[in-house]
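A structural walkthrough
So the chains spell out like this:
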Amino acid sequence: MANLKELKNRITSVTSTQKITKAMQMVAAAKLRRAQEAAEQSRPYADRMERMIASVASNLPSLDTAPPLVVGSGKDDVHLLVVVTAERGLCGAFNSSIVRAVRKKAKELQDAGKTVKLFCVGRKGEESLRRDMEDKIVEYVTLREFKNLSFANARPIAEKLSQMFNDGEFDVCTVYYNAFKSVISQVVTAQQLIPVKLPDPAEVAANDEDAPDLGGAIYDYEPEENDLLGVLVPRNMSVQIYRSLLESGAAEHAARMTSMDNATRNAGDMIDGLTLTYNRTRQAIITKELIEIVSGAEAL
Amino acid sequence: MADKVSFELVSPDRLLMSVDADAVAMPGMEGDFGVLPGHAPLISALRAGVIEVEGAGGDSPDRVYIAGGFAEVAADRLVVLAEEAVVVADMDRADLEARIQEANGELEAADEGEERRLAEGKISVLQEMLGAAR
């Protein structure tokens, strides 16, 4: 039979764990709201940037002369995977699902005879990928010291990527991040960054009820299309990275909120079970003592 | 045709300004240009410089410094995408001068290469801002 004192100790410890998970859940909920707002506020810029690129691209005389960031290096040998994860754990399957997707992709690419390089953003992904793929990690960026993400965090990453691309260190670049779909669902998303997938103008226009009506007029470009695309595309890369960082941030808080909510509930169930055992044991001891007294009195 | 241009200034973090103006002067990459109502559709890269907004009314700022960006003009609408934007009236000359001093110090302390390049870039941006604040 379980010791009463031991049971009591366990109940106390589970109760304090529950307090912690409850607090973490509430903190995550507050942060989630902020992260969602930030993601929403960044949308106008990204939308308009996309519209401009679509417009410029649709007016290019030919793609042959477009900047290399757009058309790629003409090869498909070295793949760079950018892995966006959280800085902390305790957020359910958030980090492990990204890492799993990256491992799978890396294996596929290697089986196909390609070289894989990894660019880790966030401590958790780096930690778990380092175990078996340390030689493939070429860069590691931590965003630990930044409390609030800003565009200034995304730009150095984009600059580093462009520089590596221009130095010929990789041919194709894909970003892996958790997209924020809803509070209970985060989707692992792979987005190809280089070569840029040019948005289809017709599709963009169809999704954008805000698009101006030109009445058949054609845009003038200054400087001419190719040069303009040459400046627009690198900027757009920072925007895309910024967006994936924000999405991943919002998704992280959502994942933590859900998993901490579950943990709180589990702790509650556990306390109920333990309390029941505790009371049963206590009652059994009392009954036993009573029987002992009664049978002792009868024996006299 | 509308007699106002609707002007929007957007940074990656948020929508900074959205006003109706009589005219807006832009620092274009290939020369400054003004946007009046009925301007022909145009997409242009912008260099670092000051955007001047006329007749916006209210207490909205009329001069904004941007560190480069893009402008899209279409159907009486002007959208400017800028990564960094500062309202000129908010700039403090003394503060800017102090920051230039500081950056100069950094430049002297910097070694050759990357660090030096960064410090030089910082100084040139600050000096442009100081010029705009005049």
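Residues numbered from 1 in each chain as written. Chains lettered and ligands numbered in written order. Predicted model: local features only at pLDDT ≥ 70, side-chain atom pairs only at ≥ 80, totals over all residues.

1. Here's the deal with the overall build of chain A
- When helices and strands are tallied, chain A shows eight helices and six strands.
- Taken from N to C terminus, the helices and strands of chain A fall in the order α-α-α-β-α-β-α-β-α-β-β-α-β-α.
- C-alpha atoms of chain A, sized along the principal axes, occupy 115 × 45 × 30 Å.
- Counting across all 300 residues of chain A, residues that qualify as buried make up 31%.
- Once local pairs closer than 6 in sequence are excluded, the contacts in chain A between residues at least 24 apart make up 79%. (Helix = DSSP H or I, 4+ residues; strand = E, 2+ residues; numbered from the N terminus. Buried ≥ 20, exposed ≤ 12 C-beta atoms within 10 Å, placed from the backbone. Contact = placed C-beta atoms within 7 Å.)

2. Focus on the domain arrangement of chain B
Residues and elements named next belong to chain B.
- What the domain assignment lists for chain B is domain 1 (5-88) and domain 2 (91-133).
- Here the C-alpha centre of domain 2 lies 26 Å away from the C-alpha centre of domain 1.
- With six residues of domain 1 at the interface, the matching set in domain 2 holds six residues.
- Every element with two or more residues in the side of domain 1 that touches domain 2 is listed here: β5 (42-54) and β6 (63-74). (Domains from an automatic or database assignment.)

3. Topic: the interface of chain B and chain A
- In this assembly, 23 residues from chain B lie in contact with 26 residues from chain A.
- Among the secondary structure elements, those contributing two or more residues to the side of chain B that touches chain A are β5, β6 and β7 (77-82) of chain B.
- Looking at the side of chain B that touches chain A, the element that brings in the most residues is β5(B), giving four residues.
- Class assignment of the residues belonging to the side of chain B that touches chain A gives a composition of 14 nonpolar, three polar and six charged.
- Where strand β6 (residues 220-222) of chain A lies against β5(B), three bridges are found, and the strand directions are parallel. Across the sheet, A:Glu222 pairs through a bridge with B:Ser44, a residue of β5(B). (Nonpolar A, V, L, I, M, F, W, Y, C, P; charged D, E, K, R; others polar. Pairing = 2+ DSSP bridges.)

4. What to know about the sheet that holds strand β4 (residues 172-182) of chain A
All names here are of chain A.
- Read across the sheet, five strands follow the order β3-β2-β1-β4-β5 without closing on themselves; strand pairing throughout is mixed. The open sheet has two edge strands with one neighbour each: β3 (137-141) and β5 (185-194). Strand-to-strand twist in this sheet, taken as the mean axis angle between neighbours without regard to direction, amounts to 20°.
- When β4 meets β5, the two strands line up antiparallel, connected through nine bridges. Each bridged residue has a counterpart across the sheet, and for threonine 174 the counterpart in β5 is glutamine 192. (Axes fitted to C-alpha atoms, helices over the stretch in contact; angles between N-to-C directions.)

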